[in-house]
Protein chains: 2
Amino acid sequence: MGKFSNYINDLNNYIDKNLSFNDPNNLYDPVKYILQNGGKRVRPLFTLFISDLFSGKIDNALPAAASIEIFHNFTLVHDDIMDNAIIRRGTNTINNKWNNNTAILSGDVMLILSYNLLRNYKDQTYIQLSKELNNTARLVCEGQQYDIDFSNQQNVQLDEYFKMIELKTAELIACSFKFGGIVSEASETNIQNLYKIGKNMGIAFQLEDDYLDSFGESKDFGKKIGGDILEKKKTLLYILSKENLEGEDKDLFLDTFNSSNLGEDEKIENIKQFYILSGSKKALEDYIKKFYDIAIDLINDLELEEDKKDTFKQYCSSLINRVS
Amino acid sequence: MGKFSNYINDLNNYIDKNLSFNDPNNLYDPVKYILQNGGKRVRPLFTLFISDLFSGKIDNALPAAASIEIFHNFTLVHDDIMDNAIIRRGTNTINNKWNNNTAILSGDVMLILSYNLLRNYKDQTYIQLSKELNNTARLVCEGQQYDIDFSNQQNVQLDEYFKMIELKTAELIACSFKFGGIVSEASETNIQNLYKIGKNMGIAFQLEDDYLDSFGESKDFGKKIGGDILEKKKTLLYILSKENLEGEDKDLFLDTFNSSNLGEDEKIENIKQFYILSGSKKALEDYIKKFYDIAIDLINDLELEEDKKDTFKQYCSSLINRVS
């Protein structure tokens, strides 16, 4: 098995080398800007890790991994327009540094470039990867639409929320797992299982992100704590609290949540107390553990040497261990 | 050979039947809205016509034709946001009827759906079509960026203009020709020739559109005459006039073109006079004829029965005969 630091170096080199389109530079400069601006590269690393696990190499996985990363960045670029976001990964968003039109068109070409990278594969591998990316891309758009819908929706049910994060986040992570299996020519059974492992890890990962947004440490999380609360996002913590609280407590919670008069820190602290006292924080921890455990169980079902299963489990664990 | 009215009916039925995605409806309603809102369907009809010409049937060409049409509509939806356009084909644009965010996301999913339709093809046919669409899609984005760049650019050269319309318009038309060849399993030589015929027809078609925007009849053209002039678009007529005029004439032309004080009709009439007197109108007519003639010559090179070549030529002629 290779080392993670090597994975990320190889990936970044590959992306740099393959972003060779230059003209018109008003189209491609923003693409290079966002892709060279870092990010954790979580999704492509899944693809590389799994390829390494199943075939002992990552070279053949680089185009697929880069495709996933460029697709992910396409979604960020268009989401940032929709959210009027001005900062991403500590620097200006494309819509802020350039303008909305540039972000629309550069985002479009990123979606196209994510398909373009798959041209490096031949025959059935190309067919499988491109159809998979296509299906995932459609589902991610659906998830983004549900997320937008929620902001205008009075009541968001638990199952609606899970469906949204499945589509918006978990499908792409599942795709990144499956890509690793496809490029390393894993068996069909293994590929199907990798998809399921990725789906459950993806849900756990998104729930953990929700958790850390309220209960993480700013230095670990990489963004200001309480952002979701200030944006009045209807995350699982909100939905659970609204379900669990009753009477005056519920009224006070909702008043606080919807208030625009409280100071930022005060509002965040108050809402976090509701999340704790209503049992929602604990329930969220349990949900994260539940989906993580399903993923780990599914790793046991893989047709794979036991020591490699252990390596796989450790990798998944390292991603979820941010919740303590 | 089938009839054109049958082509369009079959195509519209196929599109209706295959737009079966419903939830979330805020994502898919705008897609259905724009696709059911008509349009001339020029591009998919090329695919169907060529498939019919080469294989005597169109059934197998319907998914490819629908893919082209959905892709084309994706570009319109995103262009309309960038242009702040409020009317398209006589009805509200998506950004106007809904909002920009809806138009961004529904446009994205249309690009994805255009790939999705190609899943109806197997093996090498799928590979050829999806790679061709992918390549075309990237070039169309580049063309759109050059078009945007021109509006902020003092001088646009003739060759820059031709490059822009090649990318923005002609590549997709060339793709629609090539798709017809691929799905009807034409020979590789014929497929390459179809691409070239489409490219030249595409340039002629776009130049004709520029021509009709100034010199057409409103009832035939389907939009108000002089739109490009009022938007100060640097079309070929403008570029040629700027090149051909000298001294005071040139100054007066540019003052008039850039003026915001003249009445709309007066401005259009004055600019049209410059286009005529500078010889630009005539030069544009010659350019249209030149690219049309190249296309017709290339039809002669096809490996195809003579009577079918004639049918093909008549079809191309019917599309260009709007300029008299």
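This one's a predicted model, so the numbers in the text were calculated from it and none came from an experiment. Just so you know, the residues in each chain are numbered from 1, in the order the chain's sequence is written. The order in which chains are written sets their letters, starting at A; the order in which ligands are written sets their numbers, starting at 1. The model is predicted, so local features are restricted to residues of pLDDT at least 70 and side-chain atom pairs to those at 80 or more, both for listing and for counting; the totals for chains, interfaces and linings are taken over all residues.

**Points about the overall build of chain A**
Each helix and strand in chain A was counted, giving 16 helices and two strands. A radius of gyration in this sense is built from C-alpha atoms; the matching globule rule multiplies 2.2 Å by the number of residues raised to 0.38. Its C-alpha radius of gyration of 20 Å places chain A within 12% of the 20 Å reference for a compact globule of 324 residues. Projected onto its principal axes, the C-alpha coordinates of chain A cover approximately 60 × 50 × 30 Å. Here exposure depends only on C-beta density: within 10 Å of a residue's C-beta, 20 or more other C-beta atoms make it buried, 12 or fewer make it exposed, and intermediate numbers make it partly exposed, the C-beta atoms being placed from the backbone. Across the 324 residues in chain A, those meeting the buried criterion constitute 47%. Across chain A, the fraction of contacts at a sequence separation of at least 24, relative to all contacts at a separation of at least 6, is 69%. Numbering of helices and strands starts at the N terminus; helices are DSSP runs of H or I of at least 4 residues and strands are runs of E of at least 2. We call two residues in contact whenever the C-beta atoms placed from their backbones are within 7 Å.

**Considerations on the relation of the copies chain B and chain A**
Once chain B has been moved 0.0 Å along the axis and rotated by 180°, it coincides with chain A to within an RMSD of 0.0 Å. The operation mapping one copy onto its partner corresponds to a two-fold rotation axis. Counting the interface residues of chain B, we find that 100% of their copies in chain A are interface residues as well, pointing to one common contact surface. Copy-to-copy superposition: least squares on the C-alpha atoms, limited to residues that have pLDDT of at least 70 in both copies.

**Remarks on the interface of chain B and chain A**
Facing 30 residues of chain B, the contacting portion of chain A comprises 30 residues. Those elements that place two or more of their residues in the side of chain B that touches chain A are α2 (25-35), α4 (62-82), α6 (100-116) and α7 (123-151) of chain B. Sort the elements by how many residues they give to the side of chain B that touches chain A and α7(B) lands first, with 14 residues. Side-chain classes follow a simple rule in which Ala, Val, Leu, Ile, Met, Phe, Trp, Tyr, Cys and Pro form the nonpolar group, Asp, Glu, Lys and Arg form the charged group, and the remainder, Gly included, forms the polar group. Looking at the side of chain B that touches chain A, its residues break down into 16 nonpolar, eight polar and six charged.

**Let's talk about the confidence of the model for chain A**
A residue's pLDDT is the predictor's confidence in that residue, given on a scale from 0 to 100. Scored by pLDDT, chain A has a mean of 94; 98% of the residues are at 70 or more. For this predicted complex, the interface score ipTM comes out at 0.95, while the overall pTM is 0.96.

**Description of the domain arrangement of chain A**
Residues and elements named next belong to chain A. Domain boundaries in chain A define domain 1 (1-186) and domain 2 (205-324). Boundaries between domains were set according to an automatic or database domain assignment. On a C-alpha basis, the centroid separation for the pair domain 1 and domain 2 is 23 Å. Listed as interface residues are 11 residues of domain 1 and, on the opposing side, nine residues of domain 2. Every element with two or more residues in the side of domain 1 that touches domain 2 is listed here: α3 (42-55) and α8 (158-183). Looking at the side of domain 1 that touches domain 2, the element that brings in the most residues is α8, giving six residues. In terms of residue class, the side of domain 1 that touches domain 2 is built from 10 nonpolar, one polar and no charged.

**Topic: the packing of α4(B) against α7(B)**
Residue and element names in this part refer to chain B. To define axes, lines are fitted to C-alpha atoms, for helices over the stretch in contact only, and angles between the resulting N-to-C directions are given on a 0 to 180 degree scale. One way to put it is that α4 packs onto α7 with a least axis distance of 12 Å and a crossing angle of 20°. Relative to α7, the element α4 is oriented roughly parallel. Relative to α7, α4 is oriented so that their crossing is right-handed. Residue-level inspection shows A64, S67, F71, T75, D79 and M82 of α4 in contact with α7, the latter providing L129, L133, A137, V140, Q144 and I148. Taken together, the residues of the contact of α4 with α7 sort by class into eight nonpolar, three polar and one charged. Roughly parallel here means an angle under 35 degrees, roughly antiparallel means over 145, roughly perpendicular means 65 to 115, and every remaining angle is called oblique. Less than a right angle of anticlockwise turn of the near helix away from the far helix marks a crossing as left-handed, whereas a clockwise turn marks it as right-handed.

**Considering the packing of α3(A) against helix α4 (residues 62-82) of chain A**
Residue and element names in this part refer to chain A. It is at 8 Å that the axes of α3 and α4 come closest, and there the two elements cross at 165°. Here α3 is positioned roughly antiparallel relative to α4, judged by the angle of their axes. Regarding α3 and α4, the two cross each other, and that crossing is right-handed. Facing R43, P44, T47 and L48 of α3, the residues of α4 in contact are A64, A65, A66, I68, E69 and H72. Along the lines of polarity and charge, the residues of the contact of α3 with α4 split into six nonpolar, two polar and two charged.

**As for the nonpolar core**
To count as a nonpolar core, a set of buried Ala, Val, Leu, Ile, Met, Phe, Trp, Tyr and Cys residues must be joined through C-beta atoms within 7 Å. In this structure, A:A204, A:L207, B:A204 and B:L207 are the most contacted members of the largest nonpolar core, which totals 178 residues. Every residue in contact with A:L207, bar those within four places of it in the chain, is listed here: A:L236, A:L284, A:Y287, A:I288 and A:F291.

**Describing the environment of B:K250**
Its place among the elements puts B:K250 in helix α13 (residues 247-258). Once residues lying within four places of it in the same chain are set aside, the contact partners of B:K250 are B:K242 and B:L245.

**Notes on helix α14 (residues 264-277) of chain A**
Residues and elements named next belong to chain A. Between its terminal C-alpha atoms α14 stretches 20 Å, which fits the 20 Å expected from 14 residues at 1.5 Å a residue. Where α14 is buried, its residues touch α9 (188-215), α11 (227-230), α12 (236-244), α13 (247-258) and α15 (280-300). At the C-terminal side of α14, G279 shows a positive phi close to 85°. Every helix has an expected span of 1.5 Å times one less than the residues it contains.

**Thoughts on helix α9 (residues 188-215) of chain B**
With 28 residues, α9(B) extends 40 Å between its outermost C-alpha atoms, agreeing within 8% with the 40 Å of an ideal straight helix rising 1.5 Å per residue. Counting buried positions along α9(B) yields 21 of 28 residues, so the element is predominantly enclosed.

**So, unusual backbone geometry**
Residue and element names in this part refer to chain A. Of note, the amide linkage connecting D23 to P24 takes the cis form, showing an omega dihedral of -5°. Among the secondary structure elements, P24 is positioned in the loop between α1 (4-18) and α2 (25-35). Notably, R41 is not glycine yet its phi reads approximately 60°, a positive angle. With respect to the helices and strands, the residue R41 is situated in the loop between α2 and α3.

**Regarding the environment of B:I320**
On the secondary structure map, B:I320 appears in helix α16 (residues 306-320). Sequence separation between B:I320 and B:D209 is 111 residues; the distance between their C-alpha atoms is 9.6 Å.

**Topic: the environment of A:L167**
Residue and element names in this part refer to chain A. In this structure, L167 sits in helix α8. On a C-alpha basis, the gap between L167 and G202 in space is 9.9 Å, while along the polypeptide they are 35 residues apart. Those residues in contact with L167, other than ones at most four positions away along the chain, are L139, V140, E142, G143 and Y146.

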